[in-house]
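A look at the structure
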Amino acid sequence: MSNRLFSQGRWQDAIASYQKLIELQQDSADIYWNLSQCYRNLNLQDDYFQTLKQGIEHYPKDGRLHFTLIIDLRRNGRTEEAIEYADKACQCLPDDYTFQLLKHLTVPSVYNNPEEIAFYRQRYTQGLQTLIAETSLNTVEEKQSALAGINRLTNFYLSYQAQNDIDLQRQYGNLVHQIMAANFPQWVVPVSMPKLQPNQKIRVGYVSHYLHSYSGTLWLTGWLKYCDRQNFEIYCYYTGNDPDAVTEKFQEYSDVFHHIPYNLPAVCEQIIADKLHILVYPEIGMNPQTMCMAALRLAPVQCVAWGHPVTTGLPTIDYFLSSELMEAENAQEHYSEKLILLPNIGVSYPKPYIPPVCKTRADFGLSDDDVLYLCCQAPFKYLPQYDFILAEIAYRVPQAKFIFLRGTLLQERLQRAFAALGLEYRDYCVFLNIPERLDYLMINLLSEVYLDTFTWSGGNTTLEAIACNLPIVTCPSEFMRGRHSDSFLKMLGVTDTIAKNEAEYIEIAVRLGLDPNWRGEISERMSQLHERLFDDRVCVAGLEAFYQQVVGLSS
(Lines give C-alpha, C1' and ligand atoms only; values in the text may rest on other atoms or scores of the structure.)
Protein backbone atom coordinates (compact mmCIF):
# COMPACT_ATOMS: atom_id res chain seq x y z
CA MET A 1 0.00 0.00 0.00
CA SER A 2 2.84 2.40 0.89
CA ASN A 3 4.50 1.79 -2.47
CA ARG A 4 1.21 2.27 -4.31
CA LEU A 5 0.70 5.64 -2.62
CA PHE A 6 4.29 6.50 -3.54
CA SER A 7 3.81 5.54 -7.20
CA GLN A 8 0.63 7.67 -7.31
CA GLY A 9 2.53 10.71 -6.06
CA ARG A 10 0.47 10.93 -2.85
CA TRP A 11 3.50 12.00 -0.86
CA GLN A 12 1.85 12.91 2.48
CA ASP A 13 -0.13 9.66 2.60
CA ALA A 14 2.92 7.64 1.63
CA ILE A 15 4.96 9.34 4.40
CA ALA A 16 2.41 8.35 7.05
CA SER A 17 2.34 4.81 5.72
CA TYR A 18 6.14 4.40 5.54
CA GLN A 19 6.55 5.84 9.03
CA LYS A 20 4.09 3.26 10.34
CA LEU A 21 6.18 0.48 8.82
CA ILE A 22 9.33 1.91 10.43
CA GLU A 23 7.58 2.08 13.83
CA LEU A 24 6.60 -1.58 13.39
CA GLN A 25 10.22 -2.36 12.47
CA GLN A 26 9.05 -3.69 9.12
CA ASP A 27 11.50 -1.40 7.34
CA SER A 28 14.08 -1.89 4.57
CA ALA A 29 16.63 0.27 2.73
CA ASP A 30 14.05 0.79 0.00
CA ILE A 31 11.52 2.14 2.50
CA TYR A 32 13.99 4.74 3.78
CA TRP A 33 14.85 5.62 0.19
CA ASN A 34 11.21 6.05 -0.85
CA LEU A 35 10.40 8.00 2.31
CA SER A 36 13.32 10.37 1.63
CA GLN A 37 12.02 10.95 -1.91
CA CYS A 38 8.57 11.83 -0.54
CA TYR A 39 10.17 14.57 1.58
CA ARG A 40 12.25 15.71 -1.35
CA ASN A 41 9.19 16.04 -3.58
CA LEU A 42 7.51 18.13 -0.87
CA ASN A 43 10.65 20.29 -0.59
CA LEU A 44 11.07 19.33 3.08
CA GLN A 45 14.85 19.41 3.02
CA ASP A 46 15.61 18.76 6.71
CA ASP A 47 13.30 15.72 6.79
CA TYR A 48 14.82 14.51 3.52
CA PHE A 49 18.38 14.56 4.85
CA GLN A 50 17.36 13.17 8.23
CA THR A 51 15.62 10.19 6.60
CA LEU A 52 18.68 9.37 4.48
CA LYS A 53 20.86 9.52 7.60
CA GLN A 54 18.47 7.26 9.51
CA GLY A 55 18.49 4.83 6.60
CA ILE A 56 22.28 4.72 6.65
CA GLU A 57 22.27 4.03 10.41
CA HIS A 58 20.04 1.00 9.83
CA TYR A 59 21.47 -0.10 6.46
CA PRO A 60 25.12 1.03 6.41
CA LYS A 61 25.93 -1.16 3.38
CA ASP A 62 23.36 0.49 1.09
CA GLY A 63 25.43 2.53 -1.35
CA ARG A 64 22.45 4.33 -2.86
CA LEU A 65 21.56 5.99 0.47
CA HIS A 66 25.17 7.08 1.04
CA PHE A 67 25.64 8.40 -2.51
CA THR A 68 22.41 10.39 -2.60
CA LEU A 69 23.07 11.97 0.79
CA ILE A 70 26.62 13.05 -0.10
CA ILE A 71 25.72 14.48 -3.52
CA ASP A 72 22.73 16.43 -2.24
CA LEU A 73 24.53 17.77 0.82
CA ARG A 74 27.13 19.26 -1.52
CA ARG A 75 24.49 20.52 -3.92
CA ASN A 76 22.88 22.38 -1.04
CA GLY A 77 26.09 24.03 0.11
CA ARG A 78 26.76 21.65 3.03
CA THR A 79 30.23 20.63 1.84
CA GLU A 80 31.85 19.77 5.18
CA GLU A 81 28.95 17.49 6.01
CA ALA A 82 29.17 15.87 2.57
CA ILE A 83 32.86 15.10 3.12
CA GLU A 84 32.12 13.75 6.61
CA TYR A 85 29.53 11.34 5.18
CA ALA A 86 31.85 10.38 2.30
CA ASP A 87 34.42 9.38 4.91
CA LYS A 88 31.73 7.40 6.75
CA ALA A 89 30.72 5.69 3.49
CA CYS A 90 34.35 4.65 2.92
CA GLN A 91 34.33 2.96 6.34
CA CYS A 92 31.04 1.18 5.64
CA LEU A 93 31.90 0.26 2.04
CA PRO A 94 35.72 0.20 1.87
CA ASP A 95 35.79 -1.54 -1.53
CA ASP A 96 33.49 0.94 -3.29
CA TYR A 97 35.69 3.32 -5.32
CA THR A 98 32.82 5.82 -5.70
CA PHE A 99 33.22 6.88 -2.09
CA GLN A 100 37.00 7.14 -2.38
CA LEU A 101 36.42 9.67 -5.17
CA LEU A 102 33.90 11.59 -3.08
CA LYS A 103 36.09 11.52 0.03
CA HIS A 104 39.17 12.89 -1.70
CA LEU A 105 37.83 15.10 -4.51
CA THR A 106 34.69 16.81 -3.19
CA VAL A 107 34.79 20.60 -3.52
CA PRO A 108 31.92 23.02 -2.90
CA SER A 109 29.46 23.97 -5.60
CA VAL A 110 29.27 27.46 -4.03
CA TYR A 111 31.95 29.14 -1.90
CA ASN A 112 31.25 31.34 1.12
CA ASN A 113 34.43 33.42 0.80
CA PRO A 114 37.64 33.54 -1.29
CA GLU A 115 39.64 31.81 1.45
CA GLU A 116 37.47 28.71 1.00
CA ILE A 117 38.54 28.48 -2.64
CA ALA A 118 42.22 28.29 -1.65
CA PHE A 119 41.47 25.80 1.15
CA TYR A 120 39.47 23.39 -1.03
CA ARG A 121 41.88 23.63 -3.95
CA GLN A 122 44.72 22.58 -1.67
CA ARG A 123 42.54 19.81 -0.22
CA TYR A 124 41.64 18.59 -3.73
CA THR A 125 45.30 18.65 -4.83
CA GLN A 126 46.38 16.51 -1.88
CA GLY A 127 43.30 14.29 -2.16
CA LEU A 128 44.00 13.58 -5.82
CA GLN A 129 47.58 12.56 -5.07
CA THR A 130 46.37 10.27 -2.27
CA LEU A 131 43.66 8.77 -4.49
CA ILE A 132 46.16 8.06 -7.29
CA ALA A 133 48.60 6.46 -4.83
CA GLU A 134 45.88 4.30 -3.27
CA THR A 135 44.17 3.21 -6.50
CA SER A 136 44.84 -0.46 -7.10
CA LEU A 137 43.80 -2.16 -10.33
CA ASN A 138 45.28 -5.60 -9.74
CA THR A 139 42.13 -7.69 -9.30
CA VAL A 140 38.96 -7.94 -11.37
CA GLU A 141 36.97 -6.57 -8.44
CA GLU A 142 39.25 -3.51 -8.09
CA LYS A 143 39.05 -2.77 -11.80
CA GLN A 144 35.26 -3.03 -11.85
CA SER A 145 34.82 -0.92 -8.71
CA ALA A 146 37.07 1.83 -10.09
CA LEU A 147 35.18 1.74 -13.39
CA ALA A 148 31.83 2.01 -11.61
CA GLY A 149 33.13 4.97 -9.60
CA ILE A 150 34.34 7.06 -12.54
CA ASN A 151 31.11 6.17 -14.37
CA ARG A 152 29.11 7.92 -11.62
CA LEU A 153 31.13 11.11 -11.13
CA THR A 154 33.17 13.78 -12.84
CA ASN A 155 35.31 16.50 -11.24
CA PHE A 156 32.98 19.13 -12.75
CA TYR A 157 33.13 21.72 -9.94
CA LEU A 158 36.93 22.03 -9.84
CA SER A 159 37.08 24.40 -12.82
CA TYR A 160 34.76 26.94 -11.16
CA GLN A 161 37.64 28.05 -8.92
CA ALA A 162 38.91 30.32 -11.76
CA GLN A 163 42.47 28.97 -11.87
CA ASN A 164 44.63 27.17 -14.41
CA ASP A 165 43.58 23.52 -14.05
CA ILE A 166 45.95 21.92 -16.58
CA ASP A 167 48.14 20.09 -14.05
CA LEU A 168 45.26 18.80 -11.93
CA GLN A 169 43.29 17.83 -15.03
CA ARG A 170 46.27 15.93 -16.42
CA GLN A 171 46.60 13.96 -13.19
CA TYR A 172 42.89 13.19 -13.09
CA GLY A 173 42.76 12.46 -16.83
CA ASN A 174 45.64 9.98 -16.54
CA LEU A 175 43.90 8.26 -13.63
CA VAL A 176 40.67 7.85 -15.64
CA HIS A 177 42.71 6.63 -18.62
CA GLN A 178 44.48 3.99 -16.48
CA ILE A 179 41.16 2.74 -15.08
CA MET A 180 39.66 2.52 -18.58
CA ALA A 181 42.79 0.82 -19.95
CA ALA A 182 42.63 -1.77 -17.15
CA ASN A 183 39.01 -2.58 -18.03
CA PHE A 184 39.16 -2.21 -21.83
CA PRO A 185 42.76 -2.88 -22.90
CA GLN A 186 41.59 -3.54 -26.47
CA TRP A 187 40.42 0.08 -26.80
CA VAL A 188 43.52 2.00 -25.78
CA VAL A 189 45.83 0.92 -28.58
CA PRO A 190 46.52 3.39 -31.44
CA VAL A 191 44.04 3.36 -34.34
CA SER A 192 45.45 3.80 -37.84
CA MET A 193 43.94 6.39 -40.18
CA PRO A 194 41.66 4.69 -42.75
CA LYS A 195 42.87 5.35 -46.29
CA LEU A 196 40.60 7.58 -48.33
CA GLN A 197 39.71 6.11 -51.71
CA PRO A 198 39.02 8.47 -54.63
CA ASN A 199 35.65 10.24 -54.19
CA GLN A 200 35.35 8.86 -50.64
CA LYS A 201 34.23 11.21 -47.87
CA ILE A 202 35.93 11.94 -44.56
CA ARG A 203 33.94 10.23 -41.81
CA VAL A 204 33.45 12.50 -38.79
CA GLY A 205 31.67 11.27 -35.67
CA TYR A 206 30.09 13.33 -32.90
CA VAL A 207 29.30 11.58 -29.62
CA SER A 208 27.46 13.07 -26.65
CA HIS A 209 25.05 12.33 -23.84
CA TYR A 210 23.39 15.64 -24.73
CA LEU A 211 22.18 15.47 -28.33
CA HIS A 212 18.99 17.22 -27.21
CA SER A 213 18.06 20.72 -26.11
CA TYR A 214 21.08 21.42 -23.91
CA SER A 215 23.33 24.45 -23.65
CA GLY A 216 26.55 22.45 -24.06
CA THR A 217 25.58 21.02 -27.46
CA LEU A 218 22.91 23.26 -29.02
CA TRP A 219 25.54 25.09 -31.09
CA LEU A 220 26.65 21.79 -32.66
CA THR A 221 23.60 21.71 -34.94
CA GLY A 222 25.21 24.55 -36.93
CA TRP A 223 28.38 22.57 -37.64
CA LEU A 224 26.20 19.76 -38.98
CA LYS A 225 23.66 21.89 -40.82
CA TYR A 226 26.30 23.75 -42.86
CA CYS A 227 28.55 20.73 -43.40
CA ASP A 228 30.13 20.27 -46.85
CA ARG A 229 28.28 17.08 -47.82
CA GLN A 230 30.48 16.46 -50.87
CA ASN A 231 33.53 15.89 -48.71
CA PHE A 232 32.23 14.81 -45.31
CA GLU A 233 29.99 12.10 -43.91
CA ILE A 234 28.48 12.80 -40.49
CA TYR A 235 27.94 10.13 -37.83
CA CYS A 236 26.18 11.01 -34.57
CA TYR A 237 26.08 8.87 -31.43
CA TYR A 238 23.49 9.86 -28.84
CA THR A 239 24.30 8.20 -25.52
CA GLY A 240 21.64 9.93 -23.40
CA ASN A 241 17.90 9.29 -23.46
CA ASP A 242 15.95 12.57 -23.45
CA PRO A 243 15.12 12.95 -27.15
CA ASP A 244 13.29 16.09 -28.23
CA ALA A 245 12.97 18.44 -31.22
CA VAL A 246 16.71 19.21 -31.15
CA THR A 247 17.46 15.46 -31.28
CA GLU A 248 15.40 15.36 -34.48
CA LYS A 249 17.64 18.09 -35.90
CA PHE A 250 20.73 16.01 -35.13
CA GLN A 251 19.10 13.07 -36.88
CA GLU A 252 18.16 15.20 -39.87
CA TYR A 253 21.68 16.60 -40.25
CA SER A 254 23.44 13.21 -39.83
CA ASP A 255 24.21 10.68 -42.52
CA VAL A 256 24.17 8.01 -39.81
CA PHE A 257 22.54 8.48 -36.41
CA HIS A 258 22.90 5.96 -33.58
CA HIS A 259 20.88 6.22 -30.38
CA ILE A 260 22.61 3.93 -27.87
CA PRO A 261 21.65 5.09 -24.36
CA TYR A 262 23.57 4.11 -21.22
CA ASN A 263 25.67 1.35 -22.80
CA LEU A 264 29.32 2.33 -23.05
CA PRO A 265 30.65 -0.92 -24.59
CA ALA A 266 27.96 -0.90 -27.29
CA VAL A 267 28.71 2.71 -28.28
CA CYS A 268 32.44 2.01 -28.41
CA GLU A 269 31.91 -1.07 -30.59
CA GLN A 270 29.70 0.92 -32.98
CA ILE A 271 32.21 3.78 -33.28
CA ILE A 272 35.04 1.35 -34.04
CA ALA A 273 32.87 -0.52 -36.58
CA ASP A 274 32.15 2.78 -38.38
CA LYS A 275 35.91 3.30 -38.99
CA LEU A 276 35.83 7.04 -38.43
CA HIS A 277 38.65 9.34 -39.46
CA ILE A 278 37.85 11.86 -36.73
CA LEU A 279 35.84 11.57 -33.50
CA VAL A 280 34.63 14.76 -31.81
CA TYR A 281 33.23 15.18 -28.30
CA PRO A 282 31.21 18.43 -28.15
CA GLU A 283 31.84 18.45 -24.40
CA ILE A 284 33.85 16.42 -21.91
CA GLY A 285 33.54 16.90 -18.16
CA MET A 286 29.80 17.11 -17.53
CA ASN A 287 28.73 13.52 -18.11
CA PRO A 288 30.73 10.70 -16.46
CA GLN A 289 30.17 8.14 -19.24
CA THR A 290 31.43 10.61 -21.85
CA MET A 291 34.58 11.22 -19.80
CA CYS A 292 35.17 7.47 -19.62
CA MET A 293 34.68 6.98 -23.37
CA ALA A 294 36.99 9.89 -24.13
CA ALA A 295 39.74 8.16 -22.12
CA LEU A 296 39.77 5.40 -24.77
CA ARG A 297 41.19 5.46 -28.29
CA LEU A 298 38.23 4.87 -30.63
CA ALA A 299 39.42 6.85 -33.69
CA PRO A 300 42.80 7.94 -35.08
CA VAL A 301 42.07 11.63 -34.36
CA GLN A 302 40.05 12.61 -31.29
CA CYS A 303 38.91 16.17 -30.52
CA VAL A 304 36.90 18.03 -27.89
CA ALA A 305 35.00 21.27 -28.40
CA TRP A 306 34.05 23.89 -25.83
CA GLY A 307 30.64 22.63 -24.68
CA HIS A 308 32.44 22.34 -21.32
CA PRO A 309 35.20 24.93 -21.79
CA VAL A 310 38.05 23.36 -19.80
CA THR A 311 40.97 21.18 -20.83
CA THR A 312 40.22 17.47 -20.36
CA GLY A 313 43.72 16.42 -19.28
CA LEU A 314 43.12 13.13 -21.12
CA PRO A 315 46.09 11.65 -23.00
CA THR A 316 43.64 10.30 -25.60
CA ILE A 317 42.26 13.69 -26.73
CA ASP A 318 44.47 15.23 -29.42
CA TYR A 319 42.89 18.63 -30.16
CA PHE A 320 40.79 21.24 -28.39
CA LEU A 321 38.54 23.06 -30.88
CA SER A 322 38.27 26.62 -29.59
CA SER A 323 37.74 30.12 -30.97
CA GLU A 324 40.15 32.80 -32.18
CA LEU A 325 37.99 35.48 -30.52
CA MET A 326 37.89 33.74 -27.14
CA GLU A 327 41.44 32.79 -26.36
CA ALA A 328 44.16 34.94 -24.78
CA GLU A 329 47.67 35.00 -26.27
CA ASN A 330 49.12 32.41 -23.89
CA ALA A 331 46.09 30.12 -24.16
CA GLN A 332 48.00 26.94 -25.08
CA GLU A 333 49.36 26.97 -21.51
CA HIS A 334 45.83 26.16 -20.30
CA TYR A 335 45.39 22.99 -22.40
CA SER A 336 46.79 19.47 -22.45
CA GLU A 337 45.39 19.11 -25.98
CA LYS A 338 46.77 20.98 -29.01
CA LEU A 339 44.70 24.15 -29.26
CA ILE A 340 42.92 24.86 -32.56
CA LEU A 341 41.59 28.40 -32.98
CA LEU A 342 38.61 28.26 -35.31
CA PRO A 343 37.43 31.51 -36.95
CA ASN A 344 35.16 33.91 -35.03
CA ILE A 345 33.46 32.28 -32.01
CA GLY A 346 34.23 28.82 -33.39
CA VAL A 347 30.61 27.64 -33.52
CA SER A 348 27.64 28.27 -35.76
CA TYR A 349 24.90 29.06 -33.28
CA PRO A 350 21.34 28.96 -34.67
CA LYS A 351 19.48 32.22 -34.12
CA PRO A 352 16.91 31.52 -31.39
CA TYR A 353 13.25 32.16 -32.05
CA ILE A 354 12.17 35.03 -29.79
CA PRO A 355 8.38 35.33 -29.34
CA PRO A 356 6.62 38.70 -29.06
CA VAL A 357 6.22 40.07 -25.54
CA CYS A 358 3.07 38.44 -24.17
CA LYS A 359 3.55 38.91 -20.42
CA THR A 360 4.01 41.91 -18.17
CA ARG A 361 6.26 42.54 -15.20
CA ALA A 362 3.21 42.20 -12.96
CA ASP A 363 3.01 38.52 -14.04
CA PHE A 364 6.32 38.01 -12.24
CA GLY A 365 5.55 40.25 -9.26
CA LEU A 366 7.76 43.05 -10.59
CA SER A 367 7.07 46.78 -10.89
CA ASP A 368 7.31 48.95 -14.01
CA ASP A 369 9.44 51.34 -11.94
CA ASP A 370 12.12 48.71 -11.30
CA VAL A 371 15.39 48.69 -13.23
CA LEU A 372 15.79 44.96 -13.89
CA TYR A 373 19.30 43.49 -13.94
CA LEU A 374 19.13 39.88 -15.11
CA CYS A 375 21.48 37.52 -13.17
CA CYS A 376 20.60 34.21 -14.80
CA GLN A 377 23.72 32.08 -14.34
CA ALA A 378 23.99 28.91 -12.27
CA PRO A 379 25.00 29.71 -8.66
CA PHE A 380 28.42 28.04 -8.98
CA LYS A 381 29.46 30.69 -11.55
CA TYR A 382 29.18 33.45 -8.91
CA LEU A 383 32.43 33.72 -6.93
CA PRO A 384 32.33 35.52 -3.56
CA GLN A 385 35.03 38.08 -4.41
CA TYR A 386 32.61 39.75 -6.86
CA ASP A 387 29.51 39.99 -4.62
CA PHE A 388 30.33 43.62 -3.76
CA ILE A 389 29.68 44.64 -7.39
CA LEU A 390 25.93 44.13 -7.11
CA ALA A 391 25.79 46.10 -3.88
CA GLU A 392 27.76 48.95 -5.51
CA ILE A 393 25.30 49.06 -8.42
CA ALA A 394 22.33 49.03 -6.03
CA TYR A 395 23.87 51.88 -4.01
CA ARG A 396 23.90 54.05 -7.15
CA VAL A 397 20.70 52.77 -8.82
CA PRO A 398 18.04 52.88 -6.07
CA GLN A 399 15.41 51.25 -8.35
CA ALA A 400 17.70 48.30 -9.13
CA LYS A 401 16.27 44.80 -8.91
CA PHE A 402 18.64 41.87 -9.48
CA ILE A 403 16.67 38.96 -10.92
CA PHE A 404 18.21 35.62 -9.93
CA LEU A 405 16.74 32.55 -11.59
CA ARG A 406 18.81 29.93 -9.73
CA GLY A 407 20.53 31.85 -6.97
CA THR A 408 18.96 30.94 -3.63
CA LEU A 409 22.26 29.42 -2.40
CA LEU A 410 23.82 32.89 -2.71
CA GLN A 411 21.48 34.63 -0.27
CA GLU A 412 23.77 34.54 2.77
CA ARG A 413 26.66 36.00 0.77
CA LEU A 414 24.47 38.69 -0.81
CA GLN A 415 23.14 39.67 2.61
CA ARG A 416 26.73 40.31 3.77
CA ALA A 417 27.74 42.23 0.63
CA PHE A 418 24.73 44.56 0.72
CA ALA A 419 24.96 45.06 4.50
CA ALA A 420 28.54 46.29 4.03
CA LEU A 421 27.04 49.31 2.23
CA GLY A 422 24.18 49.68 4.69
CA LEU A 423 21.67 48.07 2.31
CA GLU A 424 19.13 45.29 2.84
CA TYR A 425 19.66 42.72 0.10
CA ARG A 426 15.99 41.70 0.06
CA ASP A 427 15.10 45.20 -1.17
CA TYR A 428 17.14 44.56 -4.32
CA CYS A 429 17.47 40.81 -4.95
CA VAL A 430 14.55 38.83 -6.38
CA PHE A 431 14.69 35.04 -6.63
CA LEU A 432 12.35 33.67 -9.29
CA ASN A 433 11.63 30.08 -10.26
CA ILE A 434 11.17 30.04 -14.05
CA PRO A 435 10.77 26.45 -15.30
CA GLU A 436 9.15 27.35 -18.65
CA ARG A 437 11.23 28.53 -21.61
CA LEU A 438 8.59 31.09 -22.64
CA ASP A 439 8.77 32.72 -19.20
CA TYR A 440 12.57 32.69 -19.35
CA LEU A 441 12.52 34.58 -22.65
CA MET A 442 9.90 36.99 -21.29
CA ILE A 443 12.22 37.85 -18.37
CA ASN A 444 14.97 38.60 -20.91
CA LEU A 445 12.61 40.81 -22.92
CA LEU A 446 11.33 42.64 -19.82
CA SER A 447 14.78 43.30 -18.31
CA GLU A 448 16.95 46.37 -18.84
CA VAL A 449 20.42 44.88 -18.41
CA TYR A 450 22.09 41.44 -18.45
CA LEU A 451 24.89 41.15 -15.89
CA ASP A 452 27.46 38.60 -16.96
CA THR A 453 29.46 36.61 -14.39
CA PHE A 454 33.19 37.14 -13.88
CA THR A 455 35.67 34.29 -14.57
CA TRP A 456 33.02 32.05 -16.19
CA SER A 457 30.73 34.00 -18.46
CA GLY A 458 27.43 33.10 -20.02
CA GLY A 459 27.39 31.05 -23.23
CA ASN A 460 23.92 29.98 -24.29
CA THR A 461 22.34 32.53 -21.95
CA THR A 462 24.33 35.43 -23.43
CA LEU A 463 23.50 34.40 -27.00
CA GLU A 464 19.79 34.26 -26.13
CA ALA A 465 20.00 37.64 -24.39
CA ILE A 466 21.60 39.10 -27.53
CA ALA A 467 18.75 37.65 -29.59
CA CYS A 468 16.43 39.54 -27.19
CA ASN A 469 18.52 42.75 -27.76
CA LEU A 470 19.25 42.91 -24.03
CA PRO A 471 22.42 44.97 -23.29
CA ILE A 472 25.20 42.76 -21.87
CA VAL A 473 27.72 43.93 -19.27
CA THR A 474 30.78 41.68 -19.29
CA CYS A 475 34.44 41.72 -18.28
CA PRO A 476 36.74 39.15 -19.94
CA SER A 477 39.01 37.15 -17.65
CA GLU A 478 42.17 35.10 -18.11
CA PHE A 479 40.66 31.83 -19.31
CA MET A 480 38.46 31.10 -22.31
CA ARG A 481 35.56 30.16 -20.04
CA GLY A 482 35.48 33.77 -18.86
CA ARG A 483 35.58 35.26 -22.36
CA HIS A 484 32.46 33.91 -24.12
CA SER A 485 30.30 37.04 -23.85
CA ASP A 486 33.28 39.22 -24.74
CA SER A 487 33.76 37.28 -27.99
CA PHE A 488 30.05 37.38 -28.87
CA LEU A 489 29.89 41.16 -28.48
CA LYS A 490 33.08 41.62 -30.51
CA MET A 491 31.72 39.48 -33.33
CA LEU A 492 28.42 41.37 -33.13
CA GLY A 493 30.29 44.67 -33.26
CA VAL A 494 28.71 46.17 -30.12
CA THR A 495 31.60 46.53 -27.69
CA ASP A 496 30.55 49.57 -25.62
CA THR A 497 29.49 47.41 -22.65
CA ILE A 498 32.69 45.34 -22.39
CA ALA A 499 34.55 46.40 -19.23
CA LYS A 500 38.30 46.31 -18.67
CA ASN A 501 38.02 45.83 -14.91
CA GLU A 502 35.57 45.64 -12.01
CA ALA A 503 35.28 49.42 -11.56
CA GLU A 504 34.44 49.92 -15.23
CA TYR A 505 31.93 47.05 -15.06
CA ILE A 506 30.09 48.90 -12.28
CA GLU A 507 30.19 52.18 -14.22
CA ILE A 508 28.71 50.59 -17.35
CA ALA A 509 26.01 48.74 -15.38
CA VAL A 510 25.03 51.92 -13.52
CA ARG A 511 24.91 54.01 -16.71
CA LEU A 512 22.76 51.42 -18.47
CA GLY A 513 20.40 51.41 -15.49
CA LEU A 514 20.08 55.22 -15.28
CA ASP A 515 20.30 56.25 -18.94
CA PRO A 516 17.38 54.79 -20.95
CA ASN A 517 18.48 56.63 -24.12
CA TRP A 518 21.93 55.00 -24.14
CA ARG A 519 20.39 51.67 -23.24
CA GLY A 520 17.94 51.99 -26.14
CA GLU A 521 20.73 52.90 -28.54
CA ILE A 522 22.77 49.81 -27.54
CA SER A 523 19.69 47.61 -27.88
CA GLU A 524 18.86 49.03 -31.30
CA ARG A 525 22.39 48.48 -32.62
CA MET A 526 22.32 44.90 -31.35
CA SER A 527 19.05 44.27 -33.20
CA GLN A 528 20.56 45.47 -36.49
CA LEU A 529 23.63 43.21 -36.36
CA HIS A 530 22.35 39.72 -35.49
CA GLU A 531 23.37 38.26 -38.84
CA ARG A 532 27.05 38.83 -37.95
CA LEU A 533 26.82 36.49 -34.96
CA PHE A 534 24.25 33.78 -35.62
CA ASP A 535 24.45 30.90 -38.15
CA ASP A 536 28.08 31.69 -38.96
CA ARG A 537 29.40 29.59 -41.85
CA VAL A 538 32.95 30.94 -41.79
CA CYS A 539 33.82 28.92 -38.69
CA VAL A 540 32.41 25.76 -40.32
CA ALA A 541 34.70 26.25 -43.32
CA GLY A 542 37.61 26.69 -40.89
CA LEU A 543 36.62 23.53 -39.02
CA GLU A 544 36.46 21.48 -42.20
CA ALA A 545 39.82 22.82 -43.41
CA PHE A 546 41.26 21.57 -40.10
CA TYR A 547 39.60 18.17 -40.60
CA GLN A 548 41.11 17.84 -44.08
CA GLN A 549 44.51 18.79 -42.75
CA VAL A 550 44.59 16.17 -39.96
CA VAL A 551 43.37 13.46 -42.34
CA GLY A 552 46.25 14.41 -44.64
CA LEU A 553 44.33 15.94 -47.55
CA SER A 554 45.92 19.38 -47.25
CA SER A 555 49.08 20.87 -45.80
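What counts, and at which threshold
Residues numbered from 1 in each chain as written. Predicted model: local features only at pLDDT ≥ 70, side-chain atom pairs only at ≥ 80, totals over all residues. Heavy atoms only, no water. UniProt positions renumbered as here; feature names shortened; annotations may be inferred. Helix = DSSP H or I, 4+ residues; strand = E, 2+ residues; numbered from the N terminus. Phe/Tyr/Trp six-rings, centres within 6.5 Å; stacked < 30°, edge-to-face > 60°. Buried < 20%, exposed > 50% of the residue type's maximum accessible area, 1.4 Å probe, protein only. 1 Å grid on protein atoms, 1.4 Å probe; cavity = no way out; pocket = protein on both sides within 12 Å on 5 of 7 lines; lining within 4 Å. Points joined across faces, edges and corners; volume = space filled by probe spheres on them. Pairing = 2+ DSSP bridges. Right-handed = clockwise from strand over helix to strand, strands pointing away.

Going by the annotation in an unreviewed UniProt entry, the name recorded for the protein is Tetratricopeptide repeat protein, with Anabaena azotica FACHB-119 given as the source organism. Reading the Pathway (unreviewed entry) entry of the UniProt record for the protein gives the comment "Protein modification; protein glycosylation."

**Observations concerning the UniProt feature "domain: O-GlcNAc transferase C-terminal" (unreviewed entry) in the protein**
Mapped onto the present numbering, the UniProt feature "domain: O-GlcNAc transferase C-terminal" (unreviewed entry) falls on residues 196-344 and 357-534. Summarising residues 357-534: 43% helix, 10% strand, and an end-to-end C-alpha distance of 22 Å.

**Remarks on the packing of aromatic side chains**
The full count for this structure, using the stated rule, is 28 aromatic pairs. Each ring, one from tyrosine 160 and one from tryptophan 456, has its centre 3.9 Å from the other, and the planes form 15°; the classification is stacked. Placement of tyrosine 160 in the loop between helix 9 (140-150) and helix 10 (166-183) and of tryptophan 456 in the loop between strand 11 (449-451) and helix 18 (460-467) is noted, with a sequence separation of 296 residues between them. The pair tyrosine 160 / tryptophan 456 is uniform in exposure class, with both members buried. Seen from their ring centres, tyrosine 319 and phenylalanine 546 are 5.0 Å apart, and the 80° between their planes marks the pair as edge-to-face. Highlighted residues: tyrosine 319 in strand 6 (residues 319-323) and phenylalanine 546 in helix 23 (residues 538-551), separated in sequence by 227 residues. You'll find tyrosine 319 and phenylalanine 546 in the same group, each marked buried. Taken together, Phe156, Tyr157, Tyr160, Phe380 and Trp456 form an aromatic cluster joined through their ring pairs.

**As for empty space enclosed by the protein**
Taken as a whole, this structure holds six cavities of 30 Å³ or more when the rule is applied. Of the volumes computed, that of the largest cavity is approximately 180 Å³. In terms of lining residues, the largest cavity is bounded by 17 residues, among which Tyr382, Tyr386, Leu390, Thr453 and Phe454 are the most central. Elements supplying a minimum of two residues to the lining of the largest cavity: helix 15 (387-396) and helix 16 (411-419). Ranked by residues supplied to the lining of the largest cavity, first place goes to helix 15 with three residues.

**Section: the pairing of strand 5 (residues 301-305)**
With five of five residues buried, strand 5 lies mostly within the body of the structure. Both faces of strand 5 are covered, namely the face carrying Val301, Cys303 and Ala305 and the face carrying Gln302 and Val304. Looking at chain direction, strand 4 (residues 278-281) and strand 5 are connected through four bridges and run parallel. Following the sheet pairing, tyrosine 281 is matched in strand 5 by valine 304. After leaving strand 4, the chain enters helix 14 (residues 288-294) and then returns to the sheet as strand 5, a path that is right-handed. Examined bridge by bridge, strand 5 and strand 6 share three bridges and lie parallel to one another. If you follow alanine 305 over to strand 6, its bridge partner there is leucine 321.

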